[in-house]
Amino acid sequence: MDRAKRKLQHIEYALTIGQHRLHGFEDVTFVHNSLPNISTARIDLQTKIGELSLRSPIFINAMTGGGGAETTKINEQLAYVANEYGLAMAVGSQMVALKDEREQQSFTIIRQVNKHGIVFANLGSEATVDEAKRAIDMIEANALQIHLNVVQELVMPEGDRNFCGALSRIEQIVSAVDVPVIVKEVGFGMSKETARKLEDIGVCAVDVGGFGGTNFAQIENKRRENQLDYFNEWGITTTASIAEVASEVQRISIIGSGGVQHALDVAKCIALGASAVGMAGYMLRLLIEKGVDALMADINQLHEDLTVIMTALGTRTIFDLQKAPLVITGKTHHWLRERGIETTRYSQR
């Protein structure tokens, strides 16, 4: 099956499977503040990923592209929404467009619609320096997102089987390109050890892509005759992954993603240590099933709800929200304890 047809299958199965919300957010509870001493009018949602300034901590995470007219339309609509609300936006993997110029329009449409917005290019860890530069130039990207999807590739019938040298290739790209490099997992979570290695080679940020959102193992298993079912429950939950990475890295930004659907999810990601929060599957379903206007209304509501939550916590800025006290229980607490991470640093700050 060619890459373009595979892109369309991914969309179909992502919508069919949905998200089972096994991300761990139910294990995180904010400590109530009875005296917040703030008003909603003072809340500031601006944030940064590395040196990139964002108007909102919520951004449209990598979804699609390279599937002909259908994915061109999806990316055009997403770019319109991103432009209207000043959201950063990541594209899906551009490798298909690097190999087939006919697919470039499904990516370049984003910059045509959102001329001055923050846009992230996207390639896999197999990419060369030359491919990275071409992907960035294709959409005049402000940053490059390199995705790590080992389990997806292993389950994918036609996927890669050799993952040697990925860290070295990423390091070469970091040194060679003129934009920040973000490294993203695709739904299986990122460990503190991986994040440390990426920090050491100079990446700008890591996106944990935690387990609990779109499940690419399940998607690829639907495309197999002999299913590798043991990978369907594989990974580190979103909450555990953010906390793991936050315990380890010092110099790079953390992006939370993986099953985020509500403003409270966003707030919990930030309080666990994220500077920004990516949403993909939830937005894709809303766009496909209800249209652009419904997606825009939902994003507006997300911002209003996040403002209200931050007011209740007495946190005026995203930086303040990162320091809001919270209590971690359940499976997330057990995971972090077994991994040697002291959770009282959240509850007693």
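In this text the structure is predicted, and so the values were computed from the model without any measurement. (Residues numbered from 1 in each chain as written. Predicted model: local features only at pLDDT ≥ 70, side-chain atom pairs only at ≥ 80, totals over all residues. Heavy atoms only, no water.)

### Some thoughts on the UniProt feature "domain: FMN-dependent dehydrogenase" (unreviewed entry) in the protein chain
Inclusion rule: UniProt positions are given in the numbering used here, feature names are shortened, and annotations may be inferred rather than shown by experiment. Helix and strand definitions follow DSSP, with helices as H or I runs of at least four residues and strands as E runs of at least two, each counted in order from the N terminus.
Under the feature "domain: FMN-dependent dehydrogenase" (unreviewed entry), the UniProt entry names residues 168–324. Split by type, residues 168–324 is 52% helix and 11% strand. Its first and last C-alpha atoms lie 37 Å apart.

### Quick look at the pattern of salt bridges
Let me state the cut-off plainly: Salt bridges are defined as contacts in which a side-chain nitrogen from Lys or Arg sits within 4 Å of a carboxyl oxygen from Asp or Glu. Under the scheme applied here, a residue whose accessible area is under 20% of the maximum for its type counts as buried, over 50% as exposed, and between as partly exposed, the area being computed with a 1.4 Å probe on protein chains only.
Applying the stated criterion across every chain yields a total of twelve salt bridges. With its nearest N and O atoms 2.9 Å apart, the salt bridge here joins R102 to D100. Its relative accessible area of 72% is what places R102 among the exposed residues. By relative accessible area, which is 21% here, D100 ends up partly exposed. Note that K184 and D207 form a salt bridge whose closest N and O atoms lie 3.8 Å from each other. Linking K184 in strand β8 (residues 181–185) with D207 in strand β9 (residues 205–207), this pair joins segments that are 23 residues apart in sequence. Members of the salt-bridge network, linked through shared partners, are E158, E220 and R223.

### What to know about the packing of aromatic side chains
Heads up, the rule is: For this analysis, a ring pair means two rings from Phe, Tyr or Trp (six-membered ring only for Trp) whose centres lie within 6.5 Å, classed as stacked if their planes differ by under 30 degrees, edge-to-face if by over 60, and tilted for the remaining angles.
Scanning all chains against the criterion turns up three aromatic pairs. Relative to F120, the ring of F59 lies with its centre 5.7 Å away and its plane at 65 degrees, an arrangement referred to as edge-to-face. Taken together, the positions of F59 in strand β4 (residues 58–60) and F120 in strand β6 (residues 119–124) put the pair 61 residues apart, joining distant regions of the chain. For the pair shown, F59 and F120 are each scored as buried. Ring plane angle 55 degrees and centroid distance 5.0 Å describe the contact between Y230 and F231, whose orientation is recorded as tilted. The class of Y230 is exposed, set by a relative accessible area of 55%. Among the aromatic residues, those joined into a cluster by ring pairs are Y230, F231 and W234.

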